[in-house]
Amino acid sequence: MRKSNEQPIAEVIKDLLSAYKLEDKYGKTGIVDAWHSILGKAVSSRTDSIFIKGNVLYVKLNSSVLRNELSMAKTKLLENLNEEVGKTIITDIVFK
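Model, not experiment: these values are computed from the prediction. (Residues numbered from 1 in each chain as written. Predicted model: local features only at pLDDT ≥ 70, side-chain atom pairs only at ≥ 80, totals over all residues. Heavy atoms only, no water.)

Novice: Explanation requested: the sheet that holds strand S1 (residues 47–53) in the structure shown.
Specialist: Strand order in this open sheet of 3 strands is S1-S2-S3, and the pairing throughout is mixed. Of all the strands in the sheet, the pair left with one neighbour each is S1 and strand S3 (92–95). Each neighbouring strand pair of the sheet contributes to a mean axis angle of 20 degrees, computed without reference to strand direction. (Pairing = 2+ DSSP bridges. Helix = DSSP H or I, 4+ residues; strand = E, 2+ residues; numbered from the N terminus. Axes fitted to C-alpha atoms, helices over the stretch in contact; angles between N-to-C directions.)

Right under this line is the structure:
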């Protein structure tokens, strides 16, 4: 009798990402997606651009009031965004 080589698809994808050293890029993409889902349409519509360089998330906003509000909540945002992807991807957020 042959031994089954079945694995859950999530595990296979995780192994593939690991084998090709794409885990970080996948996590960074998850952070950008999480920005929009966690903060909602109001913040998302005022976000001009968002990208990650190194371990820093750069967010360009078109509202100075919103920029100030989010700056005060930076620590909580970092926790929530990293928690959404399941590991620490970003260590800082820069609002422009």
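Novice: I tried to follow the packing of helix H2 (residues 23–44) against helix H4 (residues 74–85) on my own but got confused; where do I start?
Specialist: Two quantities define a packed helix pair, namely the angle between the helix axes and the distance between the axes. Where H2 contacts H4, the two axes come as close as 9 Å, and the packing angle between them is 120 degrees. Taken together, the axes of H2 and H4 lie oblique to each other. Two packed elements cross with a definite hand, and for H2 against H4 that hand is right-handed. Residues Gly27, Gly30, Ile31, Ala34, Trp35, Ile38 and Leu39 of H2 lie in contact with H4, whose contacting residues are Leu77, Asn80, Leu81, Asn82, Glu84 and Val85. (Parallel < 35°, antiparallel > 145°, perpendicular 65-115°, else oblique. Left-handed = near helix turned anticlockwise from the far one by under 90°. Contact = heavy atoms within 4.5 Å.)

Novice: I keep staring at the pattern of salt bridges and nothing clicks. Help me out?
Specialist: Pairing between side chains becomes possible if they bear opposite charge and their charged atoms approach one another. Considering all chains together, one arrives at 2 salt bridges under this definition. In this structure, Lys74 engages Asp92 in a salt bridge whose closest nitrogen and oxygen atoms are separated by 3.5 Å. Taken together, the residues span a long stretch of sequence, with Lys74 in helix H4 and Asp92 in strand S3 at a distance of 18 residues. (Salt bridge = Lys/Arg side-chain N within 4 Å of Asp/Glu carboxyl O.)

Novice: Help me out: how do you make sense of the nonpolar core in this one?
Specialist: Inside soluble globular proteins, nonpolar side chains tend to come together where they are buried. In terms of nonpolar packing, the biggest core is built from 19 residues, with Trp35, Leu57, Leu70, Ile90 and Ile93 touching the most fellow members. Of all the secondary structure elements, the ones that give two or more residues to this core are H2, S1, strand S2 (56–61), helix H3 (64–72), H4 and S3. Among the elements that line this core, the one with the most residues is H2, at 5 residues. Setting aside residues up to four positions removed in sequence, Ile90 forms contacts with Ile31, Ile52, Asn55, Leu57, Leu78, Leu81 and Asn82. (Core = buried A, V, L, I, M, F, W, Y, C linked by side-chain atoms within 4.5 Å. Buried < 20%, exposed > 50% of the residue type's maximum accessible area, 1.4 Å probe, protein only.)

Novice: Looking at this structure, I do not really get the packing of aromatic side chains. What am I missing?
Specialist: Geometry of an aromatic ring pair is reported as the spacing of the ring centres plus the angle between the planes. Applying the stated rule across the entire model yields 2 aromatic pairs. Note on Trp35 and Phe95: the rings are 6.3 Å apart at their centroids and 45 degrees apart in plane angle, and the pair reads as tilted. Here Trp35, found in helix H2, pairs with Phe95, found in strand S3; they are 60 residues apart in sequence, far enough to count as distant. For Trp35, a relative accessible area of 0% translates into the label buried. Ring centres 5.1 Å apart and planes at 15 degrees place the aromatic pair Phe51 and Tyr58 in the stacked group. The class of Phe51 is partly exposed, set by a relative accessible area of 39%. (Phe/Tyr/Trp six-rings, centres within 6.5 Å; stacked < 30°, edge-to-face > 60°.)

Novice: Please clarify how a nonpolar patch on the surface should be interpreted in this entry.
Specialist: A contiguous nonpolar patch, built from Leu16, Tyr20 and Leu22 and spanning about 320 Å² of accessible area, is present on the exposed surface. Residue position: Leu16 is located in helix H1 (residues 9–19). On the basis of relative accessible area, Leu16 is assigned to the partly exposed category, the value being 45%. (Patch = residues over 30% accessible without salt bridge, like charges linked within 9 Å, V, L, I, M, F, W, Y side chains within 5 Å. Areas by Shrake-Rupley, 256 points an atom, 1.4 Å probe, with all protein chains shown as cover.)

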